[in-house]
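Structural characterization, general
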Amino acid sequence: MLPIPAIVQAVSNVVVPCLPLLLTGVEKATDGAIAKMGEEVWDLAKSLWQKLWTKGKDNSAVELATQKLAAEPESLVWQPAFQAALTDLLTQDTALAEALSAIISESVVEADKVTIRQTVFGNQNQVIGQMTGGTVIGTQHKPQP
């Protein structure tokens, strides 16, 4: 089994961007929305969500954070709240943690379907990272004199 923090991070990375579609009903997701995120990512999000929501809907902290994130997936307030509530839930329910870990471990998402976003503020700040395969798209903004 993966460590609980790794499970929480993986679930957050995959499920949170899909929450608006997952909460409105999987059958209502449009082909355009699925194509935008990638079919593999969508399938993984559905699998994780179906397993998670069976227990998460009964946990008030997970339910509240989920509802708030569905309305505002980029929220810097509700993302940590969701992760903390999910950590507590998985610590208490090891069977759920093992089930989510198995889904994550079995999934294979192609590298070209993964998005990595880094935001840097300031002039001449550096970002260090490593990427294997795929395409790097970057922009550089120069301050006006």
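Residues numbered from 1 in each chain as written. Predicted model: local features only at pLDDT ≥ 70, side-chain atom pairs only at ≥ 80, totals over all residues. Heavy atoms only, no water.

Before going further, it helps to spend a moment on the overall build of the chain. On a plain count of helices and strands, the chain comes out with seven helices and zero strands. Along the chain, helices and strands appear, N-terminal first, in the series α-α-α-α-α-α-α. The buried share of the chain, reckoned over its 145 residues, is 31%. Relative to all contacts within the chain whose residues are 6 or more apart in sequence, the contacts with residues 24 or more apart total 68%. Of the roughly 9900 Å² of accessible surface on the chain, 52% is carried by carbon and sulfur atoms. (Helix = DSSP H or I, 4+ residues; strand = E, 2+ residues; numbered from the N terminus. Buried < 20%, exposed > 50% of the residue type's maximum accessible area, 1.4 Å probe, protein only. Contact = heavy atoms within 4.5 Å. Areas by Shrake-Rupley, 256 points an atom, 1.4 Å probe, with all protein chains shown as cover.)

All right, on to the environment of A6 then. Structurally, the position occupied by A6 is in helix α1 (residues 4-15). Along the primary structure A6 and I104 are separated by 98 residues, whereas in three dimensions their C-alpha atoms are 9.8 Å apart.

This part takes up the confidence of the model for the chain. The share of residues in the chain with pLDDT of 70 or more is 66%, and the mean pLDDT across the chain is 79. At the low end of the mean pLDDT range in the chain sits helix α3 (residues 31-37), at 67; at the high end sits helix α6 (residues 78-92), at 95. (pLDDT = per-residue confidence, 0-100.)

Under the criterion given, the structure shown has one aromatic pair. Here the aromatic rings of W49 and W53 are separated by 4.6 Å at their centres, their planes lie at 15 degrees, and the arrangement is stacked. You can see W49 and its partner W53 sitting in helix α4 (residues 39-56), four residues apart, about one turn around the helix. Each member of the pair, W49 together with W53, is buried. (Phe/Tyr/Trp six-rings, centres within 6.5 Å; stacked < 30°, edge-to-face > 60°.)

So, on to helix α7 (residues 94-106). Each α-helix winds once per 3.6 residues, and so residues spaced three or four apart point in a common direction. Helix length check: α7, at 13 residues, gives a terminal C-alpha distance of 18 Å against a target of 18 Å (1.5 Å per residue), a fit within 8%. Along α7, the positions that sit buried rather than exposed are L96, A97, L100, S101, I103 and I104. When α7 is viewed along its axis, its buried side chains cluster within an angular range of 160 degrees and face the same direction. Across α7 from its buried face, at more than 90 degrees, point the exposed residues S105 and E106. Lining the buried residues of α7 we find α1, α4 and α6. (Expected span 1.5 Å × (residues − 1). Arc of directions from axis to C-beta.)

Below, the discussion takes up the packing of α4 against α6. The geometry of α4 relative to α6 is characterised by a closest axis approach of 11 Å and an angle of 80 degrees between their N-to-C directions. If you check the angle between α4 and α6, you find them roughly perpendicular. Between α4 and α6, the contacting residues are L52, K55 and G56 on the first element and F82, L86 and L89 on the second. Across the contact of α4 with α6, the residue classes break down as four nonpolar, one polar and one charged. (Axes fitted to C-alpha atoms, helices over the stretch in contact; angles between N-to-C directions. Parallel < 35°, antiparallel > 145°, perpendicular 65-115°, else oblique. Nonpolar A, V, L, I, M, F, W, Y, C, P; charged D, E, K, R; others polar.)

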